[in-house]
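Structure assessment
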Amino acid sequence: MSKTVLTLKVQPNIPLEAELLSPDIIAPLGNQEIAALPVILGKRQKRLDDFFHIEGDGSETLEIHGDLGRVKWIGRGMTRGNILVHGNAGMHLGAYMKGGSIEVGGNASDWVGGEMKGGSIHIRGNAGGQLGAAYRGSLSGMKGGTILVEGTAGIEVGMRMRRGVIAVRGRVKDFAGLQMKGGTIVLMSGAEIRTGAWMVRGTIISLEPLKLMPTFEFACAYNPVFMGIYAKSLSSKGFNIPYKMANGCYRRFQGDSSVPGKGEILVWNPNQ
Amino acid sequence: MAGNSKLRITGARVYDPANGINGEIKDICICDGKIVADIEGGRTINATGMVVFPGGVDVHTHVAGAALNFARGMLPEDHRQNDPFVRTRNLRCGISGATPTSFVTGYLYAGLGYTTVNEAAVPILTARHTHEELRDTPIVDKSTCVLMANNEILMELLEAGEYERGRDVVAWNIWAAKAYGVKAVNPGGVAGWKWGKDCKGLNEIVPGFNKITPRQIIAGLANIVDDLGLPHPVHLHCNNLGAPGNVSTTLEIMKILENNRAHLAHLQYHAYGGDDWFNMCSASAKIAEEFNKRKNLTTDAGAVLFGNTVTITADGPWQHLLYKLTGKKWGNIDVENETGCGVVPYVYKEKNIVNAVQWAVGLELLLLIDDPWRVFLTTDHPNGAAFWRYPEIIHLLMNADFRREQIAKLAPEAIGRILLPELNREYTLFEIAIITSAGPARSLGLPHKGNLGVGSDGDVTVFSHTDDVAKMFAYPRYVIKGGEIIIEEGEMRNTVEGKGILSKPFYDPKVEDFLRPQFQQFYTVSFDNYPVEIERIEHPDIRPCKGVQS
Amino acid sequence: MGGKVSCTLGEVKNRADLIVYWGGNPAECHPRHFTRYTLTQKGKFTPNGRKDRTMILVDIRETPSVKAADIFLQVKPTKDFEVITLLRAIIKGQSVDQAQVAETGLTLEQLQDFADRLKKARFGVFFFGMGLSMTRGKYMNSAALLTLAAELNAFTKFVAMPMRGHGNVTGGDVIMRYTTGYPFGVSLTRGYPRFNPGEFSTIDLLIRGDCDAALILGADPAATMPQPAIDHLASIPTIVLDPKVTHTSKIARVHFTTAATGISAPGTAYRMDEIPLPLKPILNSPYPTDEEVLKRIYRAVSKKPPLMPPVKINSPDKLTKSGQKAG
């Protein structure tokens, strides 16, 4: 399969906005056309090849090498194809994306998959805050798709999300699932405080004990049937969550009663 | 600012209803910013095959002020969804959508061929801020109406029967706010809202007061405005806005105003039958029938279009209800002793029965009121829809077939509750020129606006004449403001500053001796800091009043 | 989703019978607040002044403001968000987790009494300070109190407003809103306004080193911002307009000494309730006003070839409807 390989040759000293780094845009273009694509450095318009060495013609697979920690909006609104970033990625990675996949070898910054509708994002390192979140003022965050993070993540993971799955292997910071309206967040290593604050609906699964808001109440301890289905789907991606009675059970908390909401937080309680 | 160049527009069909000109081909000449009979030399625009209107006049819109600015801050998601205005060599950048930023507001209005707008709700206490925004709203001339119907000092005077002092207070406040007219919003109801209550019946005593009722406030203010001889009559937002069955209130108010001039704002929101949200229906026939008889009244449609917008009104209790109905966001600011304001983002949906009825009622009123000189095109921007969507309404008015196509998209349950499917009237270009320009200019009392007679302001809009009405009115070919060409070949090439239109009614200067101690007691700003300095008004144009002089 | 329910200070003076200060110390930070607007003034519907009002102070420690309060509620540090969220549940009659309540520093009885007082007030007001808005949870703490105030309107009249810091912060907000549509954290790099606090807000830009020059007006960030932000300011060309020498002017490349606004330069300042007040100068200054300096800088910059905004490409915000008519 052919691929397009970009290698960062000049490190931008201020943020570089490069929303055209998306298979939808690049696939139909030849090498020279890709080189001439506009990117924005601060307030100035530049060419893509001012910063990147570009190999190959356009294709459905975009491979990017280098520390792109200051490169924003990679894969914005993409609907198909793959982006592989061998290095770090800047803010708004895969924001508004509808399909395709993005994989980042290093760390990603804030707003990964902001308001995404479909597709999948996999971060091997740590992610910043606002994973799959709603942009300020919007009523809904992500409405579909999957975000997987192998490292840690920041605040407001899945803020106002409506559908889709977010799974984080490392610990996440405050306000995971803030004002969540649906979908699932899986916290493999727990979270800091205010998890599920003001949630309306949706499911947060934590494999570690959580410090809950006083507006969540214990409902029951059980092993929901759907957990088996979740577990199978997530285990194919390397995220193993327990679901068998023999190993323990989930303590179900319901809230946030301040809304009042019908969200659920399921905290794994292994057999001692 | 007045253009000192000469300009001739030749070859176009001219629609100048104020002068009885209905589509005649004639030249329009402008010299030094004013329409003249003829010129020699100067530039000529060949507008053969095009249509010429006097510059548009919006009688009721909310384009500046603390309330609108409060709404702007609440709607980042709306700002993101609309095409932004990118900075160019001669235009500033900004945001469009339901609450355009100040510069963009000027560009968008001029982009529709509008050259005069009336900001319909200004609290005196924040008038200084409204004028700051209006200074940064280019191209269009701007008048304002000051909010008086819940002013507690005035209400106490009316309650005590001190009519003359009340009149002086109103006149003093108009000049203090550097306003042009008087707005009355939900008389008594906003004052009631200060206690979380409303004032639904016209004979109910206003909460917090001893005996004054909405009826007395309405009658008192209408008399005061007429006695002061303000160019524009009292600009009234009736009680019970938006409520099913409010038709009875509106009819009753028309009766109260029998012997006065009055402008009833956004009539669509006041023409509902039924008695709850489940059986709400159009009462436009009753309203139009009564309105047609009462030649002392003018009104504007306050039409609704489907889509996202934000509702902003001084009607606090209504906004709280709307917040509870939508469950989304709600903003509210009460202004001490004067008024209040609420902000609720809203989406009008075709499949929502209530919304479908509202959409139909706005159009029905425009079609059922027989005299176009008394009903004007508005959406109560941004409440019913953003003003830059006016061309969509013009399309609906001019084309009954298109209207029927749109009716077919409504929730089927709505059809039995509206009259619109039975109405076949189609507006002519002549009538459109009346409801978008000549009529509102006359109601506002601006003889130099809304017409192309000799001596009037050189505000002229040239449209291509095409069958695609919505497009024709959305993209004028030329817009001329005060003799300056703003839009040329559909492109904005130039901007100018607009004027501030004011009125200075007579008042006994001794009224300040009465007001000063009231201020010290009930306000939190010093009396001397309250009036807006005239220096803050951009190109002030003080219009004469014909009323009491001593 | 709640909202923002506010009023001008005269409404508080004339009507408020329940005044709650949350995370602030007005006795020391806004010393005239009690006497001019909130507590001791005799208003139209509060003819007996202080006697007609109840004041509740919520803070994590005792401050001199406690003396002015009828009720002092001491919450544990960083528990404000939990307390406010509990109140939201309690006013709606929802049940809460008893064991967790204790960790807030308040008992369920105290919270229930507080909620009852909020609901029974004739006209209630929350004033909140930086003890709420700048502690863990930051803007969500403010959002919580604003939402609680909005929800209380189902029972009575209730408003909330922030106690702003020094200077004309409110005026900055107001002007930004009507020129760009957003109150702060705005980027114009693409030729039109974009908003994203955390991305475009000053401290975040500086800490990440995302800007390569700074123009500072009416503020002294080097006195208040975190050290990494100050270090970045010192490393880039920073221009300061200020009447006096400040921490920031000391690390700046250029410092324009300007006339002090309100003393020797005219203008408008916005009070915390967004009331614009005219500033009338009383002294002459040998220095130019901020406005004059900015205009001269602008004129000089205008002589350079214009840097037009980048071409409009698939722009970073979602674009669906067309609002643009001309230009």
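Structure first, text after, so check above.
Please read all numbers here as calculations on a predicted model, not as lab measurements. (Residues numbered from 1 in each chain as written. Chains lettered and ligands numbered in written order. Predicted model: local features only at pLDDT ≥ 70, side-chain atom pairs only at ≥ 80, totals over all residues.)

1. Observations regarding the overall build of chain A
Per the secondary structure count, chain A includes 3 helices and 17 strands. Over its C-alpha trace chain A gives a radius of gyration of 20 Å, about what one expects of a compact globule, namely 19 Å for 272 residues. Taking the principal axes of the C-alpha coordinates as reference, chain A spans close to 60 × 35 × 25 Å. With 272 residues in all, chain A has 56% of them scored as buried. Residue pairs in contact within chain A that sit at least 24 positions apart in sequence constitute 41% of those at least 6 positions apart. (Helix = DSSP H or I, 4+ residues; strand = E, 2+ residues; numbered from the N terminus. Rg over C-alpha atoms; globule rule 2.2 N^0.38 Å. Buried ≥ 20, exposed ≤ 12 C-beta atoms within 10 Å, placed from the backbone. Contact = placed C-beta atoms within 7 Å.)

2. Overview of the overall build of chain B
If you tally the helices and strands in chain B, you get 18 helices and 26 strands. Computed over its C-alpha atoms, the radius of gyration of chain B comes to 22 Å, within 12% of the 24 Å expected for a compact globule of 550 residues. Summarising its shape, the C-alpha atoms of chain B cover approximately 65 × 55 × 45 Å along the three principal directions. The 550 residues of chain B split such that 64% are buried. The contacts in chain B between residues at least 6 apart in sequence include a share of 77% that link residues at least 24 apart.

3. Re the nonpolar core
Residues Leu187(A), Val52(B), Val182(B), Leu221(B), Leu365(B), Leu145(C) and Ala149(C) are the most contacted members of the largest nonpolar core, which totals 335 residues. Sorting elements by how many residues they give to this core places helix α12 (residues 353–368) of chain B first, with 12 residues. Setting aside its immediate chain neighbours within four residues, Val52(B) contacts Ile9(B), Ala12(B), Arg13(B), Val14(B), Tyr15(B), Ile28(B), Ala47(B), Val460(B) and Val462(B). Counting 7 residues, the second-largest nonpolar core is a separate cluster that includes Leu205(C), Leu206(C), Ala222(C) and Leu233(C). (Core = buried A, V, L, I, M, F, W, Y, C linked by C-beta atoms within 7 Å.)

4. A look at the interface of chain A and chain B
Taken together, the contacts link 4 residues of chain A with 4 residues of chain B. Residue composition of the side of chain A that touches chain B, by class: 1 nonpolar, 2 polar and 1 charged. (Nonpolar A, V, L, I, M, F, W, Y, C, P; charged D, E, K, R; others polar.)

5. With respect to the sheet that holds strand β21 (residues 460–464) of chain B
Residues and elements named next belong to chain B. Spatially, β3-β2-β7-β21-β22-β23-β24 is the arrangement adopted by the 7 strands of the open sheet, whose pairing is mixed. Looking at the sheet topology across the chains shown, the edges are occupied by β3 (21–25) and β24 (491–492). The sheet contact formed by strand β7 (residues 50–54) and β21 spans 5 bridges and is antiparallel. In the strand pairing of β21, Pro-54 is matched with Val-460. Contacting β22 (478–481), β23 (484–488) and β24, helix α3 (residues 102–111) crosses the sheet at an angle of about 80 degrees to β23. Packing of helix α16 (residues 429–444) onto the sheet brings it into contact with β2 (13–16), β3 and β7, and relative to β7 it is tilted by some 35 degrees. (Pairing = 2+ DSSP bridges. Axes fitted to C-alpha atoms, helices over the stretch in contact; angles between N-to-C directions.)

6. Description of the sheet that holds strand β5 (residues 123–128) of chain C
All names here are of chain C. Read from one edge of the open sheet, 5 strands run β4-β3-β2-β5-β6, paired in parallel fashion. Only two strands of the sheet have a single partner each, and these edge strands are β4 (71–74) and β6 (157–162). Averaged over all neighbouring strand pairs, the angle between strand axes comes to 15 degrees, with direction disregarded. Looking at chain direction, β5 and β6 are connected through 6 bridges and run parallel. Across the sheet, residue Phe-127 finds its bridge partner in β6, namely Met-161. Relative to the sheet, helix α8 (residues 139–152) contacts β2 (18–22), β5 and β6, its axis offset from that of β6 by approximately 160 degrees.

7. Some details on the interface of chain C and chain B
Counting residues at the interface gives 54 residues for chain C, matched by 61 residues for chain B. Mapped by element, the contributors of at least two residues to the side of chain C that touches chain B are β1 (2–7), α1 (9–15), α3 (33–38), α9 (169–180) and β13 (276–279) of chain C. Residue contributions to the side of chain C that touches chain B peak at 6 residues, all from α1(C).

8. Section: the packing of helix α4 (residues 80–91) of chain C against helix α6 (residues 108–120) of chain C
Residue and element names in this part refer to chain C. Orientation of α4 relative to α6, taken along the N-to-C sense of each, is 65 degrees, at an axis distance of 10 Å. Between α4 and α6, the angle is such that the two are roughly perpendicular. Handedness of the α4/α6 crossing: right-handed. Together, Leu-86, Leu-87, Ile-90 and Ile-91 of α4 and Leu-111, Gln-112, Phe-114, Ala-115, Leu-118 and Lys-119 of α6 make up the contact between the two elements. (Parallel < 35°, antiparallel > 145°, perpendicular 65-115°, else oblique. Left-handed = near helix turned anticlockwise from the far one by under 90°.)

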